[in-house]
Amino acid sequence: MPEPASAASAPVRAQRPVPSWARKGGDGDGAKAQAAEAADGARSRRFPSITRDTARPEGGGRAAPGDAPAPARQWPMLAVLAATAAGLLATAVGHPRVGCLMIGIALIAASVLRRALPSVGMLAVRSRFTDMVTYGLLGVAITLLALVMEPKPLLNIPFLETAVRFTVR
């Protein structure tokens, strides 16, 4: 029959802390519970109740080296924002067609930058494909709206005129 282990030779087991949500009168903070589980090394197959971090979008790194000043690291985003701001200013001072064209071209340029550059900084929001499609479609739609804008549209699309007459009547 094996001898019972003495208290000195018994392995010391760390007590697992009780999560705050399981304690009576706890504040229900899930972060403390997750920190307790992480400290204990216990792995759960459940999804965490609080997301600690998200993956950076593909190409979301700096567009310039890390020792460059902040504006230089984010030049793609700043270029698109500057062109969009110029378009909004042109619209505000009474040139809506020119302003909308500038905004549409800025979004199309964002799509091209997203495709062409390996790292575009904060211009990367989602996956590369999703960003390209979103920026491109919005840019083309705004550009087309600027081209069919009244008075004297630069582009005549007959079914749009029919649709407007049908809906406005």
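Just above sits the structure.
1. A closer look at the nonpolar core
Here is step 1: Counting nine residues, the largest nonpolar core is built from V80, I103, L107, A110, L113, V120, L123, A124 and Y135.
Here is step 2: The element contributing the most residues to this core is helix α4 (residues 96–116), with four residues.

2. Topic: a nonpolar patch on the surface
Here is step 1: Taken together, the side chains of I108, V112, V140, L144 and L155 present a nonpolar region at the surface, about 360 Å² in accessible area.
Here is step 2: The set of elements that each furnish at least two residues to the nonpolar patch consists of α4 and α5 (128–147).
Here is step 3: Mapped onto the fold, V140 is located in helix α5.

3. Here we look at helix α3 (residues 75–92)
Here is step 1: Across its 18 residues, α3 extends 25 Å between first and last C-alpha, which sits within 8% of the 26 Å expected from 1.5 Å per residue.
Here is step 2: Within the span of α3, buried status applies to P76, V80, G87 and A90. For α3, the angular spread of the buried residues around the axis is 85°, confining them to a single face. For α3, the exposed residues lying more than 90 degrees away from the buried face are L88, L89 and A92.
Here is step 3: At its buried positions, α3 is contacted by α4.
Here is step 4: Positive phi shows up at G94, right after α3, with a value of about 110°.

4. Topic: the packing of α3 against α4
Here is step 1: At a minimum axis separation of 6 Å, α3 and α4 run at an interaxial angle of 165°. Compared by their axis directions, α3 and α4 come out roughly antiparallel. Between α3 and α4 the crossing geometry is left-handed. Contacts between α3 and α4 involve W75, P76, V80, A83, T84, A86, G87, L88, A90 and T91 from the first element and P96, G99, C100, M102, I103, A106, A110 and L113 from the second.
Here is step 2: When grouped by side-chain class, the residues that make up the contact of α3 with α4 number 14 nonpolar, four polar and no charged.

5. Topic: the pattern of salt bridges
Here is step 1: Taken as a whole and assessed by the stated rule, the structure comprises two salt bridges.
Here is step 2: The partner of D131 in a salt bridge is R114, and the shortest N-O contact between them spans 2.8 Å. Remark: R114 occurs in helix α4 and D131 occurs in helix α5; sequence separation between them is 17 residues. Accessibility classification places D131 together with R114 in one group, the buried group.
Here is step 3: Between D131 and R126 there is a salt bridge, with its nearest N and O atoms 3.1 Å apart.
Here is step 4: According to the relative accessible area criterion, D131 is buried, its value standing at 0%.
Here is step 5: Three or more residues joined by partner-sharing salt bridges are found here, namely R114, R126 and D131.

The rules behind these values
Residues numbered from 1 in each chain as written. Predicted model: local features only at pLDDT ≥ 70, side-chain atom pairs only at ≥ 80, totals over all residues. Heavy atoms only, no water. Core = buried A, V, L, I, M, F, W, Y, C linked by side-chain atoms within 4.5 Å. Buried < 20%, exposed > 50% of the residue type's maximum accessible area, 1.4 Å probe, protein only. Helix = DSSP H or I, 4+ residues; strand = E, 2+ residues; numbered from the N terminus. Patch = residues over 30% accessible without salt bridge, like charges linked within 9 Å, V, L, I, M, F, W, Y side chains within 5 Å. Areas by Shrake-Rupley, 256 points an atom, 1.4 Å probe, with all protein chains shown as cover. Salt bridge = Lys/Arg side-chain N within 4 Å of Asp/Glu carboxyl O. Expected span 1.5 Å × (residues − 1). Arc of directions from axis to C-beta. Contact = heavy atoms within 4.5 Å. Axes fitted to C-alpha atoms, helices over the stretch in contact; angles between N-to-C directions. Parallel < 35°, antiparallel > 145°, perpendicular 65-115°, else oblique. Left-handed = near helix turned anticlockwise from the far one by under 90°. Nonpolar A, V, L, I, M, F, W, Y, C, P; charged D, E, K, R; others polar.

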